[in-house]
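# Summary of structural features
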Amino acid sequence: MVTKNKGRQKIEMVKMKNENNLQVTFSKRRSGLFKKASELCTLCGAEIVVIVFSPGRKVFSFGHPNVDVVIDRFLNINPHHRHQNNNLQLNEACLNAVVQDLNNHLTQVTEQLEEEKKRNEDLKQKRKDDKSENWWEDPIEGFNLRQLIEFKCGLENFKKTVTTEASKYLQVTGHNFYFGSSSNATFGIFDNDGNTNSELDLFNHRRLVDMNTFSGNHQNMIIPHPSTTPYGNNVIERFAPEHDQNQNQYCFKQERASECDHQPDHPPHCRHKYY
Amino acid sequence: MTRNRVKMAYIENETSRKATFRKRKGGIMKKALELSTLCDVPIAVIVQSEYNSVPEVFPPSRQAMGNVVARWDSLPLVDKTKKMMNQEQFIQQRITKATESCKKVAKENKELAMKEVMYDCLRGDTAPCDLGEDELRDLGGVIDQYIKGLNRRIQVLMRDHASSSTSVVPDADVATSVAMPTAEMGSSSNVKDFDLNQTQSE
């Protein structure tokens, strides 16, 4: 039976022979064991500690509420009294709430991951199923030299067309794109009709830069003025024309705060990502 | 194997919770034994629950357990805490890993989808003018990637040609015989122009 991995095969319960396999197995199984322990705590409210020594003499440990508490209790063989006092109870409740939050988030992300994986499979399958007569749709490993060169030429031509189409979107009416502030000026990207777009999309800057590198058409190139970008290249302040400079700083912070959910585990900047 | 996905939250139902505890605790002990045997490493597990006043442990023998705990105790604090985690940290780590994975797969999906768009255009089913700004940009990226791949293959084949003394690179022939679809702006490309005569392998 040919299988991708040893997953659904039986393995002997003896020390593994292959050094590399042993290391990989250790890594995976240790992680799995911790995951099981974590789930047991969440589902059943148990307290647990798992200590694992690695083949390389390192130690991994997992504990809920934490390793020390559970070990100490075990070593002292104290009678098992939980809820010693109100403070402890309160701490426990707080901790559980945080953990629950995290678990919910994890569930959400895991579901997303599975969706994307499924989509991945579907897309790959579709490509397999789509048997077309065009030789250039096949994998390039099967091309001979002539075909490679031919397809490359074709693609380069095609790219020119795409570039030309793309540059149509870059119709800025000769104005340069200003970062930086002045209380009298209007800010933002001018759209095709010359109107100000004060709803500055955070993604626009990156898109412009990409367009510049992508398009060979230098006349249309937009050059952001580097010295007047207070927050670096990756960020655009949302300027509203009626605000003065000091207010702009405040506007930005406000925007940041409102856009980020209050999640203690997320640094705010992770919300402002480009796809 | 999974009949219904269990929600990762405290089980309110007493009976369910007790049953789950029993099963999962057993599972953990089994996994601990397997890991310990397969990789020949010391492991200790201590489980404290509402169902038993005495903690349930692995390894089951007092001495074995004592050995592992003693070994743990003797470690300097630095070593202990380096890879120590509680629920919060562990789950956060899992979230981070899952998010990274997700981004990676999503990116690949995007590329795969764009590749389809590229083929659509080359076939003449779509035209670049039908595409939006973002799609055009991504399409450009995919085309670039593809061209890079082609270049790499060309180099490989050139190398092979060069090393084998008999064959000659037919560059003159190729330049004149190229008849690839050129997608005209505003109209879909006429792919019937595509020269399919170049399919014979060398």
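Above this note sits the structure.
In what follows, the accompanying structure is described. (Residues numbered from 1 in each chain as written. Chains lettered and ligands numbered in written order. Predicted model: local features only at pLDDT ≥ 70, side-chain atom pairs only at ≥ 80, totals over all residues. Heavy atoms only, no water.)

Reading across the sheet, the five strands line up as 2(B)-1(B)-1(A)-2(A)-3(B) and stay open at both edges, with mixed pairing between neighbours. What marks the edges here is a single partner per strand, and that holds for strand 2 (52-58) and strand 3 (84-85) of chain B. The sheet contact formed by strand 2 (residues 59-64) of chain A and strand 3 of chain B spans two bridges and is parallel. Paired with F62 of chain A across the bridge in strand 3 of chain B is M85 of chain B. Relative to the sheet, helix 2 (residues 67-76) of chain A contacts strand 1 (47-53) and strand 2 of chain A together with strand 1 (43-49), strand 2 and strand 3 of chain B, its axis offset from that of strand 1 of chain A by approximately 95°. Across the sheet, helix 1 (residues 14-39) of chain B lies against strand 1 of chain A together with strand 1 and strand 2 of chain B, angled at about 170° from strand 1 of chain B, the strand it touches most. (Pairing = 2+ DSSP bridges. Helix = DSSP H or I, 4+ residues; strand = E, 2+ residues; numbered from the N terminus. Contact = heavy atoms within 4.5 Å. Axes fitted to C-alpha atoms, helices over the stretch in contact; angles between N-to-C directions.)

To continue, consider the packing of aromatic side chains. Across all of its chains, the model carries 12 aromatic pairs over all chains by this definition. Through a chain of ring-to-ring contacts, three or more aromatic side chains come together here, namely W135, W136, F143 and F151 of chain A together with Y119 and Y146 of chain B. Against the face of F34 of chain A rests R30 of chain A, its NZ or CZ located 4.9 Å from the ring centre. (Phe/Tyr/Trp six-rings, centres within 6.5 Å; stacked < 30°, edge-to-face > 60°. Lys NZ or Arg CZ within 6 Å of the ring centre and 35° of its normal.)

Along the chain, I71 of chain A turns up in helix 2. Residue classification places I71 of chain A among the buried positions, given a relative accessible area of 4%. Along the chain, I71 of chain A and I48 of chain A lie 23 residues apart, while their C-alpha atoms are 9.0 Å from each other. Beyond its immediate chain neighbours, meaning those up to four positions away, I71 of chain A contacts V49 and I51 of chain A together with W72 of chain B. (Buried < 20%, exposed > 50% of the residue type's maximum accessible area, 1.4 Å probe, protein only.)

Trans is the prevailing form of peptide bonds, just as negative phi is the prevailing case for residues other than glycine. Residue H64 of chain A is joined to P65 of chain A through a cis peptide bond whose omega torsion reads 0°. With respect to the helices and strands, the residue P65 of chain A is situated in the loop between strand 2 and helix 2. Cis peptide bonds are those with omega within 30 degrees of zero, and the linkage from F58 of chain B to P59 of chain B qualifies with 0°. Mapped onto the elements, P59 of chain B comes out in the loop between strand 2 and helix 2 (62-74). The backbone phi angle of R57 of chain A is positive, close to 70°, even though this residue is not glycine. Mapped onto the fold, R57 of chain A is located in the loop between strand 1 and strand 2. By relative accessible area, which is 64% here, R57 of chain A ends up exposed.

For the rest of this paragraph, the subject is the interface of chain A and chain B. Interfaces are frequently sized by the accessible area removed from exposure as the parts join. In this assembly, 112 residues from chain A lie in contact with 116 residues from chain B. Summing both partners gives a buried area of about 10800 Å² for chain A against chain B, and 69% of it is carried by carbon and sulfur. When the buried surface of chain A facing chain B is broken down by residue, L43, F53 and R146 of chain A rank first, second and third, together holding 8% of it. Joining chain A to chain B, the criterion identifies seven salt bridges. One can count 25 residue pairs in polar contact (both at pLDDT 80 or more) joining chain A with chain B. (Buried area = accessible area lost by both parts, 1.4 Å probe. Salt bridge = Lys/Arg side-chain N within 4 Å of Asp/Glu carboxyl O. Polar contact = N/O pair within 3.5 Å; in protein donor to acceptor, adjacent residues only side chain to side chain.)

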